[in-house]
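These are the residues of each chain, in order.
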Amino acid sequence: MHDIKPTAAKMAPTQLDPLDLYDVRSELSEDELIVRDTVARFVDEQAIPLMREAFEQHTFPRELVPQIAELGLLGSSIEGYDCAGLNGVSYGLICQELERGDSGLRSFVSVQSSLVMYPIHAFGSSEQKDRWLPPMARGEAIGCFGLTEPHGGSDPGNMKTHAKRDGDDWILNGAKMWITNGTIADCAVVWAKTDEGIKGFIVEKDMPGFTAQEIENKFSLRASITGALFFDNVRVPAANVLPGVSSLRGPLSCLTQARYGITWGVIGAAQACLDEVLNYTQDRVLFGKPLSHTQTIQIRMADMARRITTAQLLSLRLGRIKDAGELSPTQVSLAKWNNCRAAIDIARDARDILGGSGISAEYVPIRHMLNLESVITYEGTETIHQLAVGRELTGANAFG
Ligand code: TGC
Ligand code: FAD
């Protein structure tokens with residue numbers, strides 16, 4: 001018979017933070033630490049208590065938006081226009097802390113900041129910036145980003161949505177699929193083919209011919225709204241066309257911003273899973289000792305810590321490169337691939353270590369695991385990022 005009491009085995013003194021073994025925290029500036037700690041407090045106190053139910057109810061907790069805005073988390077990298085003007089590392093830390101709560105929370109901020117406010121700021125007219133950026137920073141206007149189409153999102157260059165000039169206006173036709181915030185957005189930045197190249201259109205929710213439909217029954221990112229957008233001869237005034245870009249470079253440069261944030265975000269999800277298994281395995285007594293004292297469980301948790309540490313160092317370095325203005329999309333692809341793969345593997349393994357409890361929403365791994373199925377797919381699938389790195393290494397384009 002096994003002695004089923006905990007062995008009270010001598011615990012080796014632990015001095016390192018299990019969720020930050022290389023003390024990445026010490027690499028952060030005072031301002032970056034304030035951002036991290038403030039968002040962490042918001043997530044722990046305000047967001048986490050709502051996320052499980054939001055996930056179960058398949059709804060986005062919109063009541064958090066005013067606080068998110070109040071903290072300056074919307075368009076945080078933009079200077080002026082009521083935005084916080086923070087650096088890239090701070091944006092990463094915001095994403096990390098939000099996604100420690102739930103990927104849906106980070107998605108909301110990613111889309112608003114990187115996919116809607118960023119293109120308006122980078123490619124918009126001064127009227128467009130004045131009109132949209134301040135209310136978006138305040139969370140009073142919500143945006144969405146329409147690039148993916150029903151016939152295949154990995155190859156946006158093959159988009160069917162198109163627009164034709166008609167006097168001073170444009171007539172827009174087509175459809176977009178899997179659009180975060182699609183049905184709650186006041187406007188959509190929609191990318192469409194024109195005779196003058198691929199252009200971005202700010203389509204307002206009440207423009208005749210524009211409809212949005214919620215995609216229901218998702219098993220992933222349930223605490224986030226996802227929709228399909230339809231454009232049936234929508235008349236868009238020239239004043240709503242982004243003047244600064246007329247090629248695929250427009251939407252792809254937005255993706256570079258959002259993917260960068262995701263490299264940080266998924267670290268938060270992975271940390272939440274490791275934290276859960278560290279706690280759970282201390283109390284779970286099997287074969288006469290706590291699960292945390294068995295060799296294979298320790299190896300699995302050590303592997304989680306190794307992968308989190310690697311991801312942290314990658315994202316921090318990426319952030320410093322970004323803040324120096326030298327970021328290459330290939331570097332972002334490598335980190336999006338590495339960090340999403342690490343996080344989803346960690347979440348799946350954490351789910352397993354919790355045994356039957358692992359399938360319960362009372363513990364976080366299954367929610368993160370299901371969310372990460374979306375995160376590893378959107379903003380470029382793992383394969384797309386591997387091929388982007390392959391293209392950089394070889395100079396040969398394997399997409400064609
Ligand atoms: P390619 O010939 O490579 O490039 C066309 C033009 O774009 C430039 N470019 C980039 N610019 C900035 N950032 C990048 N990452 C860029 N990649 C390319 C490039 O220099 C060129 O510029 P120019 O001036 O010469 O015209 O285009 P390609 O058709 O070969 O595409 C390559 C590929 C496959 C990498 C690209 O199509 C791709 O990334 N596909 C994946 C699509 C994707 O990620 N969709 C995401 C949709 S949005 C979303 O998922 C939001 S989820 C948000 C949430 O809820 O959090
Ligand atoms: P496909 O492009 O059809 O790919 C199918 C499979 O083929 C994948 O496994 C892919 O890796 C593989 N594949 C593709 N090309 C190759 C190749 N050359 N070689 C080998 N394999 C290949 N999009 C937006 O525009 N805005 C949003 O706000 C948004 N939010 C989203 C939210 C959620 C919850 C989800 C799930 C998606 C969202 N997306 C959004 C769409 C997302 O970007 C796409 O799902 C993604 O880009 C993949 O496109 P797809 O689903 O059409 O898959």
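Draft legend 1. Summary view of the site of ligand 1. If you check the shell around ligand 1, you find 26 residues, and the closest are Ser107, Thr180, Thr256, Arg259 and Gly380. The contact in question runs from an oxygen atom of ligand 1 to an N or O atom on the side chain of arginine 106, over 3.1 Å. Between an oxygen atom of ligand 1 and a side-chain N or O atom of tyrosine 378, the distance comes to 3.2 Å. Protein coverage of the free-state accessible area of ligand 1, which is 1100 Å², stands at 74%. Looking at the shell around ligand 1, the elements with two or more residues in it are α4 (103–123), α6 (249–283) and α10 (382–394).

Draft legend 2. Expanded view of the site of ligand 2. Taken together, 17 residues are adjacent to ligand 2, and Thr148, Gly153, Ser154, Trp178 and Thr381 come closest. Between ligand 2 and threonine 148, the relevant distance is 2.7 Å, taken from a nitrogen atom to a side-chain nitrogen or oxygen of the residue. Put simply, the parts of the chain that give the shell around ligand 2 at least two residues each are β3 (169–180) and α10. Examining the composition of the shell around ligand 2, we find that 3 residues originate from one element, β3, more than from any other. Across the shell around ligand 2, the residue classes tally to 7 nonpolar, 9 polar and 1 charged.

Draft legend 3. Up close: the environment of leucine 221. Within the element layout of this structure, leucine 221 appears in the loop between β6 (210–214) and β7 (226–237). On the accessibility criterion, leucine 221 (3% relative accessible area) is buried. Distance from leucine 221 to arginine 367, taken between C-alpha atoms, is 8.4 Å for residues 146 residues apart in sequence. Beyond its immediate sequence surroundings of up to four residues, leucine 221 is in contact with Phe55, Ser103, Gly104, Ser107, Asn371, Ser374 and Tyr378.

Draft legend 4. Expanded view of the domain arrangement of the chain. Under the domain assignment, the chain is made up of domain 1 (24–137), domain 2 (143–240) and domain 3 (249–394). Distance between the C-alpha centres of domain 1 and domain 2: 23 Å. Carbon and sulfur atoms make up 64% of the surface buried where domain 1 meets domain 2, a total of about 1900 Å² over both sides. Interface area lost by domain 1 to domain 2 is led by Phe55, His58 and Trp132, which between them contribute 31%. Across the contact surface, domain 1 and domain 2 share 1 salt bridge. Between glutamate 204 and arginine 131 there is a salt bridge, with the nearest N and O atoms lying 2.8 Å from each other. At the boundary of domain 1 and domain 2, one finds 8 residue pairs in polar contact (both at pLDDT 80 or more). Contributing elements (two or more residues each) for the side of domain 1 that touches domain 2: α1 (30–57), α4 and α5 (126–137). The leading source of residues in the side of domain 1 that touches domain 2 is α4, at 10 residues.

Parameters at a glance
- Residues numbered from 1 in each chain as written.
- Chains lettered and ligands numbered in written order.
- Predicted model: local features only at pLDDT ≥ 70, side-chain atom pairs only at ≥ 80, totals over all residues.
- Heavy atoms only, no water.
- Near = heavy atom within 4 Å.
- Polar contact = N/O pair within 3.5 Å; in protein donor to acceptor, adjacent residues only side chain to side chain.
- Areas by Shrake-Rupley, 256 points an atom, 1.4 Å probe, with all protein chains shown as cover.
- Helix = DSSP H or I, 4+ residues; strand = E, 2+ residues; numbered from the N terminus.
- Nonpolar A, V, L, I, M, F, W, Y, C, P; charged D, E, K, R; others polar.
- Buried < 20%, exposed > 50% of the residue type's maximum accessible area, 1.4 Å probe, protein only.
- Contact = heavy atoms within 4.5 Å.
- Domains from an automatic or database assignment.
- Buried area = accessible area lost by both parts, 1.4 Å probe.
- Salt bridge = Lys/Arg side-chain N within 4 Å of Asp/Glu carboxyl O.

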